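Here is how the chains run, residue by residue.
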Amino acid sequence: QIDKLPDGMIFPIVAKPSFIRSKPGMEVFEDYHKLLDFVTGSTSKTNKQYQPMGQPYMLQRYIVGTSCAVSGVVKNGKVFIDFVYDIEAAYPFCPEAGMIYPSVNEQMLLTETVAPLEKFFKHIKFFDGIFNMDIMIDQDKNFYFIDFAGRLGTHPVMLMYHSRSEEHTSEL
C-alpha cells in the first residue's frame, strides 16, 4: 500500500499499470493530491480495476507534444535511420492509429537523434540489429525517447522498400 509519493515529481504525470501496453487503466494527473488519492485507493475511482493481483503502476512524466517514430538499423554500434514518421493517434497513450509520412520533424530527428540513439544502444549493448523508437517532441522541440523495440513496425507503408541513400545501403 502506498501512502506517500516521491518528492520533486513534475506534473502532469501519467499513472499506468506496468503490465498494460495501451490506454486501459491510464490516468493523467495534474497535482500531487489527486495522484496520491488514486494510487492509495482512497477515492471512488481507484486503480484496483486495472491492478489485479497487486501489479504495480508506473509513474511517468506526461509530455504534451508530437508523437513520432524512427526506424532503422544499428550496425557495429553505428545508427542508420531509414524511416521517420509522425504517429496519428487519439491520445493520451493509445495504440497507433495511423502514420504520417514524411514527418514534419524529419530533418531534426535525422540530425539530432543519431548520437543519443548510439549512446542508448551502447548502454544496452545493442550493437547490431533493426529498431523502432517512439519519440515525443515537446513545444520547445526537445525530444524524449518513449519506447524502444528491437523490430520494425508493421504498418504497410513501412514494409515497402525504403533507404535514405545508396551510401547507407552499401555500408550495410
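Everything in this summary refers to the structure shown in the same document.

**Focus: the packing of aromatic side chains**
What the rule picks out here adds up to 9 aromatic pairs. Geometrically, the ring pair formed by phenylalanine 83 and tyrosine 101 is stacked, given 4.7 Å between the ring centres and 5 degrees between the ring planes. With phenylalanine 83 in strand E5 (residues 78-88) and tyrosine 101 in the loop between strand E6 (98-100) and helix H2 (106-112), this residue pair connects regions lying 18 residues apart in the sequence. On the accessibility criterion, phenylalanine 83 (5% relative accessible area) is buried. Summarising the aromatic geometry, the rings of phenylalanine 126 and phenylalanine 148 are spaced 5.5 Å apart at their centres and angled 80 degrees between planes, so their arrangement reads as edge-to-face. Remark: phenylalanine 148 occurs in strand E8 (residues 143-149) and phenylalanine 126 occurs in the loop between helix H3 (114-123) and strand E7 (129-137); sequence separation between them is 22 residues. Take phenylalanine 148: its relative accessible area is 27%, and that puts it in the partly exposed class. One aromatic cluster is present, built from ring pairs that chain together Phe120, Phe121, Phe126, Phe131 and Phe148.

**Brief notes about the sheet that holds strand E3 (residues 57-61)**
The strand order across the open sheet built from 3 strands is E2-E1-E3, with neighbouring strands paired in antiparallel fashion. Of all the strands in the sheet, the pair left with one neighbour each is strand E2 (27-29) and E3. Neighbour to neighbour, the strand axes of the sheet diverge by 25 degrees on average, direction disregarded. Relative to E3, strand E1 (residues 13-17) runs antiparallel, the two sharing 5 bridges. Each residue of the ladder has a partner; that of proline 17, found in E3, is tyrosine 57.

**Thoughts on the nonpolar core**
The biggest cluster of nonpolar side chains holds 15 residues, and the ones touching the most others in it are Val70, Val79, Ile81, Leu109, Leu117, Phe121 and Phe131. Of all elements in the fold, only strand E4 (66-75), E5, H2, H3 and E7 reach the threshold of two or more residues within this core. For this core, the element with the highest residue contribution is E7, accounting for 4 residues. If sequence neighbours within four positions are ignored, valine 70 has contacts with Ile81, Phe83, Val84, Leu109, Leu117, Phe131, Asn132, Met133 and Ile135. Ranked by size, the runner-up nonpolar core spans 9 residues in total, among them Ala15, Phe38, Val39 and Tyr57.

**Some points on the pairing of E5**
In the case of a regular strand, side chains alternate between the two sheet surfaces. Burial runs high along E5: 9 of the 11 residues are buried. Where E4 lies against E5, 8 bridges are found, and the strand directions are antiparallel. Bridging from a neighbouring strand, lysine 75 pairs with lysine 78 of E5. Linking E4 to E5, which pair antiparallel, is a turn of 2 residues; within it asparagine 76 sits at a positive phi near 55 degrees. Here E5 pairs with E6 via 3 bridges, running antiparallel. Within E6, the position partnered with aspartate 86 by the bridge is isoleucine 100.

Thresholds applied
- Residues numbered from 1 in each chain as written.
- Predicted model: local features only at pLDDT ≥ 70, side-chain atom pairs only at ≥ 80, totals over all residues.
- Heavy atoms only, no water.
- Phe/Tyr/Trp six-rings, centres within 6.5 Å; stacked < 30°, edge-to-face > 60°.
- Helix = DSSP H or I, 4+ residues; strand = E, 2+ residues; numbered from the N terminus.
- Buried < 20%, exposed > 50% of the residue type's maximum accessible area, 1.4 Å probe, protein only.
- Pairing = 2+ DSSP bridges.
- Axes fitted to C-alpha atoms, helices over the stretch in contact; angles between N-to-C directions.
- Core = buried A, V, L, I, M, F, W, Y, C linked by side-chain atoms within 4.5 Å.
- Contact = heavy atoms within 4.5 Å.

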